[in-house]
Amino acid sequence: MPYEPPTHSVERSLRATLGARTVAGVDEVGRGAWAGPVTVCAAVTGLRRAPEGLTDSKLITPKRRARLAAVLGDWVTSYALGHASPEEIDDLGMTAALRLAAVRALEGLPERPDAVILDGKHNYLGGSWKVRTVIKGDQSCVAVAAASVIAKVQRDTTMAELGADYTPFAFADNAGYPSPVHRAALEEWGPTAQHRMSWSYLDALPRWQHLKKVRQPVESGEQLGFDF
C-alpha cells in the first residue's frame, strides 16, 4: 500500500520555535506483548535525507526491516535503546515503565537532546524534557520512523534469543505478543520468568490464575485488554 515518506517538518518546527539544535525521535515497541520487555529507541538524525523505504516499522516486512535497520545504524547521527523489564512493568504499570525505558534511551545518547518528538498523542515522558507528541509520528517524522525500525528489530532479536530457552512459546515468531501457539504454551506450561504477571491474560488461565500479580494502585487504562 503506498505511503507518504516521512519528513523533517516537525523537527524544523522545533528548531524554529524552540531553538532546538538536537532533536531526538522516540518510539516504543512491546507495549501490547504478554512477555518480554518494553523497548524504547531514541534516534537523532539531523536533517539529512532519509534512506529509501523508511517508515513505521509495522508497515515493513521483517526482511526489509532488518536490512533497513542495518543501514540506519550507520546513517543516524546517534541512537540509544532503553528497556523496562516485565518485573518493572508489573511493579510500575505500563505508563511509568514506558517513561523509565524512554529516559534510559535518552540518557544513553551521547548528547542530551534539546527537544523530543514522541510518537502518539500522550506524553508519557514528562519531566524536564521538551516534548512534541505526534500521532503516527512513526510514519510522518524521519527521526521517529528511524527509532521505530531500530527498536522493533532490536526487540525482535532479543525475543528470538530468549526463545531458545522457552521453545514452546515460539518467541522468535511472535515476539511475546498474543498468538495461538503462545496461548497454547501458556495453558500447558504456565507463564515464564519473561511474562508480565499482572496482565489480564492470566484471567483466562484457570490453572495459573493464582500466579497473577496484583499491583496497587492500578493506573487508569494501562491494561490494554488483550484477553483470549
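What counts and how
Residues numbered from 1 in each chain as written. Predicted model: local features only at pLDDT ≥ 70, side-chain atom pairs only at ≥ 80, totals over all residues. Heavy atoms only, no water. Core = buried A, V, L, I, M, F, W, Y, C linked by side-chain atoms within 4.5 Å. Buried < 20%, exposed > 50% of the residue type's maximum accessible area, 1.4 Å probe, protein only. Helix = DSSP H or I, 4+ residues; strand = E, 2+ residues; numbered from the N terminus. Contact = heavy atoms within 4.5 Å. 1 Å grid on protein atoms, 1.4 Å probe; cavity = no way out; pocket = protein on both sides within 12 Å on 5 of 7 lines; lining within 4 Å. Points joined across faces, edges and corners; volume = space filled by probe spheres on them. Salt bridge = Lys/Arg side-chain N within 4 Å of Asp/Glu carboxyl O. Axes fitted to C-alpha atoms, helices over the stretch in contact; angles between N-to-C directions. Parallel < 35°, antiparallel > 145°, perpendicular 65-115°, else oblique. Left-handed = near helix turned anticlockwise from the far one by under 90°. Nonpolar A, V, L, I, M, F, W, Y, C, P; charged D, E, K, R; others polar. pLDDT = per-residue confidence, 0-100. Expected span 1.5 Å × (residues − 1).

1. Things to note about the nonpolar core
Working step 1: Ranked by internal contacts, the top residues of the largest apolar core, which has 37 residues, are V26, V40, L106, L109, Y124, L125 and Y201.
Working step 2: When residues of this core are traced back to their parent elements, those giving at least two are β1 (23-29), β2 (38-44), β3 (78-84), α4 (94-107), β4 (115-119), α6 (142-163) and α8 (180-189).
Working step 3: A total of seven residues in this core trace back to one element, the largest contributor, which is α4.
Working step 4: Setting aside chain neighbours within four positions, we find L106 in contact with A24, V26, A42, P113, V116, L125 and W129.

2. Some points on the layout of surface pockets
Working step 1: Approximately 170 Å³ is the volume found for the second largest pocket.
Working step 2: In this structure, the second largest pocket is lined by Y3, P5, P6, H8, R48, R49, A50, P51, E52, G53, L54 and V142.

3. Thoughts on the pattern of salt bridges
Working step 1: Under the defined criterion, the tally for this structure stands at 11 salt bridges.
Working step 2: A salt bridge links R15 to E11, with the shortest nitrogen-to-oxygen separation between them at 3.4 Å. Pair noted here: R15 and E11 are both in helix α1 (residues 9-18), with a separation of four residues, about one helical turn.
Working step 3: We classify E11 as buried; its relative accessible area is 3%.

4. Focus on the packing of helix α2 (residues 62-75) against α6
Working step 1: Running from amino to carboxyl end, α2 crosses α6 at an angle of 120 degrees, the nearest separation of the two axes being 9 Å. In terms of orientation, α2 lies oblique with respect to α6. Between α2 and α6 lies a crossing of left-handed hand. Listed contacts from α6 to R65, A66, L68, A69, L72 and W75 of α2 are V142, A146, V149, I150, K152, V153 and D156.
Working step 2: Of the residues contributing to the contact of α2 with α6, the split by class is 10 nonpolar, no polar and three charged.

5. Details of the confidence of the model for the protein
Working step 1: Summing up the model confidence of the protein, the mean pLDDT is 92 and the portion of residues at 70 or higher is 93%.
Working step 2: Contacts for the low-pLDDT stretch residues 218-228, under 50 throughout, to residues beyond four places or in other chains number 28 contacts.

6. Examining the side chain of D138
Working step 1: Tracing the chain through its elements places D138 in helix α5 (residues 137-140).
Working step 2: For D138, a relative accessible area of 3% puts it in the buried group.
Working step 3: Here D138 is in contact with D27, T55, D56, K58, D119, V144, A145 and S148, once residues within four sequence places are set aside.

7. Some words on α6
Working step 1: Over its 22 residues, α6 runs 32 Å from end to end, which matches the ideal 32 Å to within 8%, given 1.5 Å per residue.
Working step 2: A large share of α6 lies buried, amounting to 16 of its 22 residues.

8. Details of the environment of K136
Working step 1: Position of K136 among the secondary structure elements: in the loop between β5 (131-134) and α5.
Working step 2: Through-space distance from the C-alpha of K136 to that of E111 is 26 Å; in sequence the pair is 25 residues apart.

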